[in-house]
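# Summary of the model geometry
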Amino acid sequence: MIIEGSAPGSIDLAVESLLRDELIGLPTETVYGLASNALNDAATLKIFALKGRPVDHPLIAHIYDSNAVHHFAKEVPEFALNLMQAFWPGPLTLILKKMDGIAAACTAGAPTIALRCPAHPVAQALLKRCQEVGIWGLAAPSANRFGRVSPTHAEHVAQEFGDTLTILNGGPSSVGIESTIVDCTRGAPIVLRPGMLTLKELSHAAKCPAVMAQRPGAQAQTGDIDTPKASGTLESHYAPDALVRLLSTNEMGARLQNFRSPNLQLAIWSRSPPIGIEAKNLNHALMPDTPAECAKALFAQLRAFDALGMTEIWVERPPQSPEWAGITDRLQRAAHSGTEHR
Ligand code: TXA
Ligand code: MG
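Note that this is a predicted model, so its numbers are computed, not measured.

Quick notes on the rules
- Residues numbered from 1 in each chain as written.
- Chains lettered and ligands numbered in written order.
- Predicted model: local features only at pLDDT ≥ 70, side-chain atom pairs only at ≥ 80, totals over all residues.
- Heavy atoms only, no water.
- Phe/Tyr/Trp six-rings, centres within 6.5 Å; stacked < 30°, edge-to-face > 60°.
- Helix = DSSP H or I, 4+ residues; strand = E, 2+ residues; numbered from the N terminus.
- Buried < 20%, exposed > 50% of the residue type's maximum accessible area, 1.4 Å probe, protein only.
- Lys NZ or Arg CZ within 6 Å of the ring centre and 35° of its normal.
- Pairing = 2+ DSSP bridges.
- Axes fitted to C-alpha atoms, helices over the stretch in contact; angles between N-to-C directions.
- Salt bridge = Lys/Arg side-chain N within 4 Å of Asp/Glu carboxyl O.
- Contact = heavy atoms within 4.5 Å.
- Core = buried A, V, L, I, M, F, W, Y, C linked by side-chain atoms within 4.5 Å.
- Domains from an automatic or database assignment.
- Buried area = accessible area lost by both parts, 1.4 Å probe.
- Polar contact = N/O pair within 3.5 Å; in protein donor to acceptor, adjacent residues only side chain to side chain.
- Nonpolar A, V, L, I, M, F, W, Y, C, P; charged D, E, K, R; others polar.
- Arc of directions from axis to C-beta.

### Some remarks on the packing of aromatic side chains
Across all of its chains, the model carries 1 aromatic pair by this definition. Relative to W314, the ring of F259 lies with its centre 5.7 Å away and its plane at 80°, an arrangement referred to as edge-to-face. One end of the pair, F259, is in the loop between helix 8 (249–257) and strand 13 (266–270); the other, W314, is in strand 15 (residues 312–316), and 55 residues separate them in sequence. Take F259 and W314: they sit in the same class, and that class is buried. Above the ring of W314, the side-chain terminus of R255 is found at 5.5 Å from the ring centroid.

This is the structure:
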């Protein structure tokens, strides 16, 4: 059931569901989340069951503001405080050392916890009200079945989980891809999942250099085995039903010239319409040419192509500048699913 997040009584209704240990759909500025009381293990385990998510993949706990950090974390380094001050509320998740004996389900038993303070006004209103009834944070992964495309509209959440779930509608998510995740437990800010914040912005705000985590394969080689799991960092993730190919502008042009496959329902997402596509009866959508607009459109566009019954989606590779890193990351994982499993 989708209810307007800003309508009178909606927040109370959602809080009542949470107090009954039920899950709710929650709008955030990045993507929609599937939320439970983060400190209630029984309720939080329902998230793993509903998503089909392995229980060793920890969830993010969403909090109202940085004052709530002390309910979850201990040892907050100076650079993490700097990052909170600069980017909260907003699309930044911090991994911190966890307080002992809490949130076992949310953290998948890890000694660390992921914390984020979302900026969306409906999320803010809900988290504020939650605090008033003693719910200090909401565990919420993206509200999609495990491995699939993240939801950026309330309707997407209903498509994923059906109509029995209470979903607060907060309109389309304004950022559109998931938060940047920064591990703050290793003495320096280490980016585990790129989002819309660049290394330069993070370093500037943290007042020390932020670095990208090595890829999982590279970590194994260097013996750094205790790096936490981040499912958004799996090679294959964010997969629509259609097979995604991420192609350079030239590759796309060359493939299209030779394209003669009447049985293939082909969609193209590119920054300018490739020449001659009308004649080949292809489905084309324009990729916005700023990173902010592109991120906002990305997941809804993949879902729209699926809804049209496309069998393949060819996406023009975004520019290589740092502002596009989060978008390229999601597209690579969506494309990887295709080549790996089909
Ligand atoms: O923007 C977002 O981050 C959205 C919205 C709903 O807030 N949430 C989201 O959650 O993307 P999810 O579960 O789809 O991704 C959370 C990521 C996962 O990759 C998880 O493995 C990682 O955060 N994570 C959670 N706790 C962690 C921890 N203690 N150490 C390392 N990674 C962690
Ligand atoms: Mg997710």
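So, next bit.
### Remarks on the sheet that holds strand 14 (residues 283–286)
Pairing in this open sheet of 4 strands is parallel, and the strands run 12-15-13-14 from one edge to the other. Only two strands of the sheet have a single neighbouring strand rather than two, namely strand 12 (243–247) and strand 14. If you compare each strand with its neighbour and ignore which way they point, the axes differ by 20° on average. Here strand 13 pairs with strand 15 via 4 bridges, running parallel. Residue pairing for strand 15: A267 is matched across the bridge by I313.

### Some points on the pattern of salt bridges
For the structure shown, the criterion picks out 15 salt bridges. One salt bridge connects R303 with E160, and the closest N-O pair in it is separated by 2.9 Å. Taken together, the residues R303 in helix 9 (residues 291–307) and E160 in helix 5 (residues 154–161) connect sequence positions 143 residues apart. Here the two residues R303 and E160 agree in accessibility, since each one is buried. Across the pair E316 and R271 runs a salt bridge whose closest N-O atoms are separated by 3.2 Å. Separated by 45 residues along the polypeptide, E316 in strand 15 and R271 in the loop between strand 13 and strand 14 bring together distant segments of the chain. Within the structure, one salt-bridge network assembled from shared partners comprises E178, D329, R330 and R333.

### Examining the environment of L286
Along the chain, the position of L286 falls in strand 14. Along the sequence, L286 and I268 sit 18 residues apart, while their C-alpha atoms lie 8.3 Å from each other. Once residues lying within four places of it in the same chain are set aside, the contact partners of L286 are W269, S270, R271, S272 and P273.

### A closer look at the sheet that holds strand 8 (residues 166–169)
Overall, mixed pairing links the 11 strands, which are arranged 1-8-2-3-7-4-6-5-9-10-11 in an open sheet. Each edge of the open sheet carries a strand with a single partner, namely strand 1 (2–4) and strand 11 (211–212). When strand 10 (residues 190–193) meets strand 11, the two strands line up parallel, connected through 2 bridges. Looking at the pairing, V191 lines up with M212 of strand 11. Of the strands in this sheet, strand 1, strand 2 (24–26), strand 3 (33–37), strand 7 (138–139) and strand 8 are in contact with helix 1 (residues 10–19), which crosses strand 8 at around 150°.

### Here's the deal with the nonpolar core
Ranked by size, the top nonpolar core spans 44 residues in total, and within it L83, W88, L92, L94, L96, L115 and L202 carry the most contacts. Elements supplying a minimum of two residues to this core: helix 2 (41–51), helix 3 (78–87), strand 5 (92–97), strand 6 (112–116), helix 5 and helix 6 (199–206). Considering every element that reaches this core, the biggest residue donor is helix 3, with 5 residues. Setting aside chain neighbours within four positions, we find L92 in contact with L83, F87, L115, R116, S179, T180, V182, L197 and L202.

### Description of the domain arrangement of the protein
Along its sequence, the protein is organised into domain 1 (2–212) and domain 2 (243–341). Each of domain 1 and domain 2 was reduced to a C-alpha centroid, and the two centroids are 29 Å apart. Taken together, the 22 residues of domain 1 in the interface contact 16 residues of domain 2. The junction of domain 1 with domain 2 conceals about 1,400 Å² of combined surface from both sides, 61% of it contributed by carbon and sulfur atoms. Across the contact surface, domain 1 and domain 2 share 2 salt bridges. Connecting domain 1 to domain 2 are 5 residue pairs in polar contact (both at pLDDT 80 or more). Broken down by element, the side of domain 1 that touches domain 2 gets its largest block of residues, 3 residues, from helix 5. Residue composition of the side of domain 1 that touches domain 2, grouped by class: 7 nonpolar, 12 polar and 3 charged.

### Regarding helix 1
Along helix 1, the residues classified as buried are S10, I11, A14, V15, S17 and L18. Axial view of helix 1: buried residues confined to an arc of 155°, hence all on one face. Here the buried face of helix 1 lies against strand 1, strand 2, strand 3, helix 4 (121–132), strand 7 and strand 8. In the segment just after helix 1, D21 is the residue with positive phi, at about 70°.

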